[in-house]
2 protein chains.
Amino acid sequence: MMKIGIDAMGGDFAPETVVMGAISASSKIGSDSKIVLFGDKAQIETILEREKCPLDTFEIVPTTEVISMSDHPTQAFTKKSNSSITVGFNYLAAGKIDGFASAGNTGAMMVGCMYAVKQVEGVIRPAISSSLPTINGHSLILLDVGLNVDCKPEVLYQYGIIGSIYAKRVLHINNPRVALLNIGEEKEKGNNASKTTHEMMEGTKDFNFVGNIEAKHLFTGEVADVVVCDGFVGNTILKQSEGIYEIAVREGIKGTYFDNFNYENVGGTPVLGINAPVIIGHGCSSAKAICNMILQTEKTIRGNIGSELREILSK
Amino acid sequence: MMKIGIDAMGGDFAPETVVMGAISASSKIGSDSKIVLFGDKAQIETILEREKCPLDTFEIVPTTEVISMSDHPTQAFTKKSNSSITVGFNYLAAGKIDGFASAGNTGAMMVGCMYAVKQVEGVIRPAISSSLPTINGHSLILLDVGLNVDCKPEVLYQYGIIGSIYAKRVLHINNPRVALLNIGEEKEKGNNASKTTHEMMEGTKDFNFVGNIEAKHLFTGEVADVVVCDGFVGNTILKQSEGIYEIAVREGIKGTYFDNFNYENVGGTPVLGINAPVIIGHGCSSAKAICNMILQTEKTIRGNIGSELREILSK
């Protein structure tokens, strides 16, 4: 049985939206999967009863503390040892669940990733990634989107490996095209980091490098499946997309491609390069966003990225 | 009489679109302004006659050579001494015209800026800027958008000064709000360069610093009038906007805010921090784009940015 660990106390509207999202996800996951909720047992069960949802739909791991959005990540993770996030990570590190997701305190989630789960041996810096919708109905993996804001070329190179494995094993893209985000298509374009990274990537056998991509071609899907950039640039691209979505909503533009920029449809941000699947959700997640976060966690667990990453890096 | 110098041979469809754009602009500029066309006199006059445009609408400075898009910028600028771009810059440096604009070879234009016009004393690195439309009907100045891709904090700080003067004197914004592009609103967020820059900008009396801005708030117009970032990030933001516009066109979304992302409405990119107004147009400029480039050049000349910049930097 595959166990998908979910922080029931994470997010601005927890546990209400998390439990509602989990109920919705429970009918969509595989028959060999089970959602494990970490949180206040009484509160969770009250919602399940109200919704007439059988209590055995979920496994519940009762926890008594909550790391709030304003808590200091490192301190809270250590001191609130019976919090849903800390207990969840302990379960994950011990192999009692196969993946863990939360829409709660992002900093505390990263502390859990680095100290409880740890990075895969050989990975210089883990990354967080995001899935951008493309106009041809597919999506593109962008990494890093905010974890490492000053990336050395060696780190960007590894993101090519990590992103490629994710696209192959989780998104089932055959021989994914990996591009380097740059301000020109020619190899001599860019800043110091992108020029050196291009040299390192050119001719690599670790992934299918297709060259530079400019931001105007991100959304066509014609150039790349995986786009590598430093976390400052990646986060800026992501936030600009969010801004575009908000404008489309304000302008009343519906039923178009721009609907896909709605974060609710994406669900969460996988942390890549660590020893177990972890997904970080949006703080203000709705039940729909939580449902998608859970489904994404299931897909990421099935992808079993770690094994291939360890293999390539140990070469 | 204010003289607006225009490279009639610059751009993919020159001189046709340039002359057509100039005819269109000639009725829109002030009565104290005159457009000076640099290029092949016979070709220019053939178009004017065909359009039944009086020959004295423009001053024509005949040139015999053209710097093509594929020419090496520095070599071509020097060797093609009778090219429209080189002659135009000579006129600008000698004060025989008040500003110069071209949709031709961008590299050669930058060579002209650096060697013929030169940067204002005290400016570490000039910038190129772009005007982004905001949803409240105004626009926002973004700089740098591609000239300096590895910016030191001192350079970013000066961009705050330069952008503020441009917004005040060319866009007539009173006490323009200057923000630093960052991946969070809190001052401790960002990469090394943005953190140090924030420290330098905080409490400055050189411009009205309003703190960090995230890319999702660029288009609302609610946070800032001027946004400072390094050229790699600025160019990426600009190209992502171009990509969004192309998608809106493909999706058949018309009559909305996204129409404003059409570069034709903007016309060109001012080079800021140099001793005279220079505007670089889009290579594939249409007549409409050229017309807007000319109008923007006129506005920039009237702004007389250089005098205030020299004053602040000499303090």
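We now turn to the structure provided with this report.

1. Structural notes on the overall build of chain A
Each helix and strand in chain A was counted, giving ten helices and eleven strands. Taking 20 Å as the expected radius of gyration for a compact globule of 315 residues, we find that chain A reaches 19 Å, a close match to that expectation. Across its three principal axes, chain A shows a C-alpha extent of roughly 60 × 50 × 35 Å. The buried share of chain A, taken over its 315 residues, is 57%. Considering only residue pairs separated by 6 or more positions, chain A has 70% of its internal contacts joining residues 24 or more positions apart. As presented, chain A carries roughly 12,400 Å² of accessible surface, and 49% of it is formed by carbon and sulfur atoms. Each charge class in chain A can be summarised by its mean position, and for the 28 positive and 35 negative side chains these summaries are 2 Å apart.

2. Digging into the packing of helix 4 (residues 84-93) of chain B against helix 5 (residues 106-117) of chain B
Residue and element names in this part refer to chain B. Between helix 4 and helix 5, whose axes approach to 10 Å, the crossing angle comes to 30°. Here helix 4 is positioned roughly parallel relative to helix 5, judged by the angle of their axes. Note that helix 4 runs across helix 5; the crossing there is right-handed. The segment helix 4 lies against helix 5, with Ile85, Phe89, Leu92 and Ala93 engaging Ala108, Met109, Gly112, Cys113, Ala116 and Val117. For the contact of helix 4 with helix 5, the residue count by class is nine nonpolar, one polar and no charged.

3. So, the pairing of strand 10 (residues 269-272) of chain B
All names here are of chain B. Of the two faces of strand 10, the one carrying Thr269 and Val271 and the one carrying Pro270 and Leu272 are both buried. As paired strands, strand 5 (residues 127-133) and strand 10 are joined by two bridges and run antiparallel to one another. Paired with Ala127 across the bridge in strand 10 is Leu272. Taken together, the three bridges between strand 10 and strand 11 (residues 278-280) define a ladder with antiparallel strand orientation.

4. Focus: the environment of Arg310 of chain B
All names here are of chain B. Within the secondary structure, Arg310 sits in helix 10 (residues 305-313). The spatial distance from the C-alpha of Arg310 to the C-alpha of Lys288 is 34 Å, given a sequence separation of 22 residues. Apart from the residues within four sequence positions on either side, Arg310 is in contact with Val120 and Asn275.

5. Some details on the interface of chain A and chain B
Residue-level contacts link 37 residues of chain A with 37 residues of chain B. Between chain A and chain B the total buried area reaches about 3,600 Å² when both faces are included, carbon and sulfur atoms providing 67% of it. Linking chain A with chain B are eight salt bridges, by the criterion used here. Where chain A meets chain B, there are 18 residue pairs in polar contact (both at pLDDT 80 or more). A class-by-class count of the residues in the side of chain A that touches chain B yields 16 nonpolar, twelve polar and nine charged.

6. Overview of the relation of the copies chain A and chain B
With an RMSD of 0.0 Å, chain A superimposes on chain B once it is rotated by 180° and translated 0.0 Å along the axis. Those values place the two copies in the arrangement expected of a two-fold rotation axis. Measuring from the rotation axis to each C-alpha of chain A, the shortest distance belongs to Val233 of chain A, at 3.1 Å. The residues that chain A uses at the interface reappear at the interface of chain B in 100% of cases, marking a shared surface.

7. With respect to helix 7 (residues 192-201) of chain B
Residues and elements named next belong to chain B. Among all positions in helix 7, only Ser194, Thr197, His198 and Met201 are buried. Each buried residue of helix 7 lies within a common arc of 105° when the element is viewed along its axis, so the set occupies one face. Away from its buried face, by an angle of more than 90 degrees, helix 7 presents the exposed residues Asn192 and Glu199.

8. Considering helix 4 (residues 84-93) of chain A
In an α-helix there are 3.6 residues to a turn, and that puts residues three or four apart on one side. Residues and elements named next belong to chain A. Among the ten residues of helix 4, seven are classified as buried, and the element is accordingly described as predominantly covered. Of all the residues in helix 4, the buried ones are Ser84, Ile85, Thr86, Val87, Gly88, Phe89 and Leu92. One or two steps after helix 4, the chain reaches Gly95, where phi turns positive at roughly 75°.

9. With respect to the packing of aromatic side chains
Residues and elements named next belong to chain A. This structure, assessed with the given rule, holds 13 aromatic pairs over all chains. Ring geometry for Phe77 versus Phe89: centroids 5.9 Å apart, planes at 65°, classification edge-to-face. One end of the pair, Phe77, is in helix 3 (residues 73-79); the other, Phe89, is in helix 4, and twelve residues separate them in sequence. The class for Phe77 is buried, based on a relative accessible area of 9%. Assessed through its relative accessible area of 0%, Phe89 is described here as buried. Summarising the aromatic geometry, the rings of Tyr157 and Phe207 are spaced 5.4 Å apart at their centres and angled 50° between planes, so their arrangement reads as tilted. Of this pair, Tyr157 sits in helix 6 (residues 153-169) while Phe207 is found in the loop between helix 7 (192-201) and strand 8 (208-213), placing the two residues 50 residues apart along the sequence. Accessibility expressed as a relative area gives 6% for Phe207, which makes it buried.

10. Some words on the packing of helix 6 (residues 153-169) of chain B against helix 10 of chain B
Residues and elements named next belong to chain B. Contact geometry of helix 6 with helix 10 gives a least axis separation of 10 Å together with a crossing angle of 145°. Crossing hand, helix 6 versus helix 10: right-handed. Between helix 6 and helix 10, the residues in contact are Gln158, Ile161, Ile162, Ile165, Tyr166, Lys168 and Arg169 and Ile305, Ser307, Glu308, Leu309, Ile312 and Leu313, respectively. Across the contact of helix 6 with helix 10, the residue classes break down as eight nonpolar, two polar and three charged.

Parameters and conventions
- Residues numbered from 1 in each chain as written.
- Chains lettered and ligands numbered in written order.
- Predicted model: local features only at pLDDT ≥ 70, side-chain atom pairs only at ≥ 80, totals over all residues.
- Heavy atoms only, no water.
- Helix = DSSP H or I, 4+ residues; strand = E, 2+ residues; numbered from the N terminus.
- Rg over C-alpha atoms; globule rule 2.2 N^0.38 Å.
- Buried < 20%, exposed > 50% of the residue type's maximum accessible area, 1.4 Å probe, protein only.
- Contact = heavy atoms within 4.5 Å.
- Areas by Shrake-Rupley, 256 points an atom, 1.4 Å probe, with all protein chains shown as cover.
- Lys, Arg positive; Asp, Glu negative; His and termini not counted.
- Charge placed at Lys NZ, Arg CZ, Asp CG, Glu CD.
- Axes fitted to C-alpha atoms, helices over the stretch in contact; angles between N-to-C directions.
- Parallel < 35°, antiparallel > 145°, perpendicular 65-115°, else oblique.
- Left-handed = near helix turned anticlockwise from the far one by under 90°.
- Nonpolar A, V, L, I, M, F, W, Y, C, P; charged D, E, K, R; others polar.
- Pairing = 2+ DSSP bridges.
- Buried area = accessible area lost by both parts, 1.4 Å probe.
- Salt bridge = Lys/Arg side-chain N within 4 Å of Asp/Glu carboxyl O.
- Polar contact = N/O pair within 3.5 Å; in protein donor to acceptor, adjacent residues only side chain to side chain.
- Least-squares fit on C-alpha atoms with pLDDT ≥ 70 in both.
- Arc of directions from axis to C-beta.
- Phe/Tyr/Trp six-rings, centres within 6.5 Å; stacked < 30°, edge-to-face > 60°.

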